[in-house]
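Chains, contacts and geometry: an overview
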Amino acid sequence: MIVATYTVIGDIAQAVAITTGHATIALGGSDGRLPLSYLPQLLQADLREGASGTLADAPISLRLLCALPNLIHAATIVLATVYLLRVLRGIAQAQPFDPFVLTSWRRLSVALIVGGVVQSLADTAAMVYLSSRIGLLFGAGHVAEAQRVEFLGGDYETIGTNTPQWQVAVIVAGLVALALTAAFRAGARLERDVDGVV
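Let me sum up the structure you'll find in this document. (Residues numbered from 1 in each chain as written. Predicted model: local features only at pLDDT ≥ 70, side-chain atom pairs only at ≥ 80, totals over all residues. Heavy atoms only, no water.)

Secondary-structure assignment places Ala 80 in helix 2 (residues 60-92). What makes Ala 80 buried here is its relative accessible area of 9%. C-alpha of Ala 80 to C-alpha of Val 114: the two residues are 34 residues apart in sequence and 11 Å apart in space. Excluding residues within four positions of it along the chain, Ala 80 makes contact with Leu 108, Ala 111 and Leu 112. (Helix = DSSP H or I, 4+ residues; strand = E, 2+ residues; numbered from the N terminus. Buried < 20%, exposed > 50% of the residue type's maximum accessible area, 1.4 Å probe, protein only. Contact = heavy atoms within 4.5 Å.)

So this is what it looks like as structure tokens:
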């Protein structure tokens, strides 16, 4: 529960920072503006000498799209935690094969699988959008330097993009939960079959 809480808080804080272009907390009166390289979809963003630009100078459409995977991850963690706690409560009450527990197992697996896939697709969409607007996507056509500078909010000499981050661990956890759902469903059938047998 503690890990899930910190994960959700971290995801939301990062999404807010990406969307606003400013650090969530700037201590000591420091400048809270974040560099463009703060985007998870970028590995590197080096300004030309004498040029200026920050993440806040990039268009809001880019910032929102790049923050979306964090919000989806936070929602996935919240849903998965709620359903896992329901499962654990049913098991703690010595009712592991109760329909409530079986339904919670199924919802847990769906939340993890769907959440993992949707987050991965959102990150891929953000990467494609960013790469196509700055001319790094194969087949995107030529992008004029002025358009690139306007889109990024600064004159960047070097841009290094990251690969889309597919949430394999979350999807695999959903598949494991799905397997456990099948096992618990089989246990519930067995319990019904032997009920009343002396």
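The subject of this paragraph is the packing of aromatic side chains. Think of a pair of aromatic rings as described by two things: how far the centres are apart, and how the planes are tilted against each other in angle. Under the defined criterion, the tally for this structure stands at one aromatic pair. Ring geometry for Tyr 129 and Phe 151: centres 5.7 Å apart, planes at 80°, overall edge-to-face. Of the two residues, Tyr 129 sits in helix 3 (residues 99-133) while Phe 151 sits in helix 4 (residues 145-152), which places them 22 residues apart along the sequence. We classify Tyr 129 as partly exposed; its relative accessible area is 23%. (Phe/Tyr/Trp six-rings, centres within 6.5 Å; stacked < 30°, edge-to-face > 60°.)

Each pocket or cavity is described by its volume, and for the largest pocket that value is around 350 Å³. For the largest pocket, the lining is made up of 16 residues, of which Ile 77, Ala 80, Thr 81, Leu 84 and Leu 112 are closest to its centre. Sorting the residues of the lining of the largest pocket by element identifies helix 1 (2-20), helix 2, helix 3 and helix 5 (168-194) as the ones contributing at least two each. When residues of the lining of the largest pocket are assigned to their parent elements, the largest contribution, six residues, is made by helix 2. Of the residues that constitute the lining of the largest pocket, the class distribution is 13 nonpolar, three polar and no charged. For the second largest pocket, the full set of lining residues is Asp 11, Gln 14, Pro 40, Gln 41, Cys 66, Pro 69, Asn 70, His 73, Gln 119, Asp 123, Gln 165 and Gln 167. Those elements giving two or more residues to the lining of the second largest pocket turn out to be helix 1, helix 2 and helix 3. Per-element accounting of the lining of the second largest pocket gives the leading share, four residues, to helix 2. A class-by-class count of the residues in the lining of the second largest pocket yields three nonpolar, seven polar and two charged. (1 Å grid on protein atoms, 1.4 Å probe; cavity = no way out; pocket = protein on both sides within 12 Å on 5 of 7 lines; lining within 4 Å. Points joined across faces, edges and corners; volume = space filled by probe spheres on them. Nonpolar A, V, L, I, M, F, W, Y, C, P; charged D, E, K, R; others polar.)

What follows deals with the nonpolar core. Leu 36, Leu 39, Leu 42, Leu 62, Leu 130, Leu 152 and Ile 159 are the most contacted members of the largest nonpolar core, which totals 20 residues. Counting only elements with at least two residues in this core, the list comes to helix 1, strand 1 (42-47), helix 2, helix 3, helix 4 and strand 2 (156-161). Leu 130 has contacts with Gln 41, Leu 42, Leu 62, Phe 151 and Leu 152, leaving out every residue within four places of it along the chain. Core analysis: the second largest hydrophobic core is formed by 13 residues, Val 87, Val 101, Ala 177 and Phe 184 among them. (Core = buried A, V, L, I, M, F, W, Y, C linked by side-chain atoms within 4.5 Å.)

Positive phi is not limited to glycine here, since Ala 94 has a value of about 60°. Following the sequence through the fold, Ala 94 ends up in the loop between helix 2 and helix 3.

Attention shifts here to the packing of helix 1 against helix 2. It is at 8 Å that the axes of helix 1 and helix 2 come closest, and there the two elements cross at 170°. In terms of orientation, helix 1 lies roughly antiparallel with respect to helix 2. The two elements helix 1 and helix 2 meet at a crossing, and its hand is left-handed. Counted together, Ala 4, Thr 7, Val 8, Asp 11, Ile 12, Gln 14, Ala 15, Ile 18, Thr 19 and Thr 20 of helix 1 and Ile 60, Arg 63, Leu 64, Cys 66, Ala 67, Asn 70, Leu 71, His 73, Ala 74, Ile 77, Val 78 and Thr 81 of helix 2 form the full contact between these two elements. Taken together, the residues of the contact of helix 1 with helix 2 sort by class into 13 nonpolar, seven polar and two charged. (Axes fitted to C-alpha atoms, helices over the stretch in contact; angles between N-to-C directions. Parallel < 35°, antiparallel > 145°, perpendicular 65-115°, else oblique. Left-handed = near helix turned anticlockwise from the far one by under 90°.)

What follows is about a positive patch on the surface. Together, Arg 106, Arg 107, Arg 185, Arg 189 and Arg 192 line one region of the surface with positive charge. Within the residue set of the positive patch, elements represented by two or more residues are helix 3 and helix 5. When residues of the positive patch are assigned to their parent elements, the largest contribution, three residues, is made by helix 5. Within the secondary structure layout, Arg 107 lies in helix 3. (Patch = residues over 30% accessible without salt bridge, like charges linked within 9 Å, V, L, I, M, F, W, Y side chains within 5 Å. Areas by Shrake-Rupley, 256 points an atom, 1.4 Å probe, with all protein chains shown as cover. Salt bridge = Lys/Arg side-chain N within 4 Å of Asp/Glu carboxyl O. Lys, Arg positive; Asp, Glu negative; His and termini not counted. Charge placed at Lys NZ, Arg CZ, Asp CG, Glu CD.)

Mapped onto the fold, His 22 is located in the loop between helix 1 and strand 1. His 22 sits 65 residues away from Val 87 along the chain, and the two C-alpha atoms are 39 Å apart. Among residues more than four places away in sequence, those in contact with His 22 are Ala 17, Gly 32, Arg 33, Leu 34 and Ala 56. At a separation of 3.1 Å, a polar atom in the side chain of His 22 contacts the main-chain carbonyl oxygen of Thr 20. (Polar contact = N/O pair within 3.5 Å; in protein donor to acceptor, adjacent residues only side chain to side chain.)

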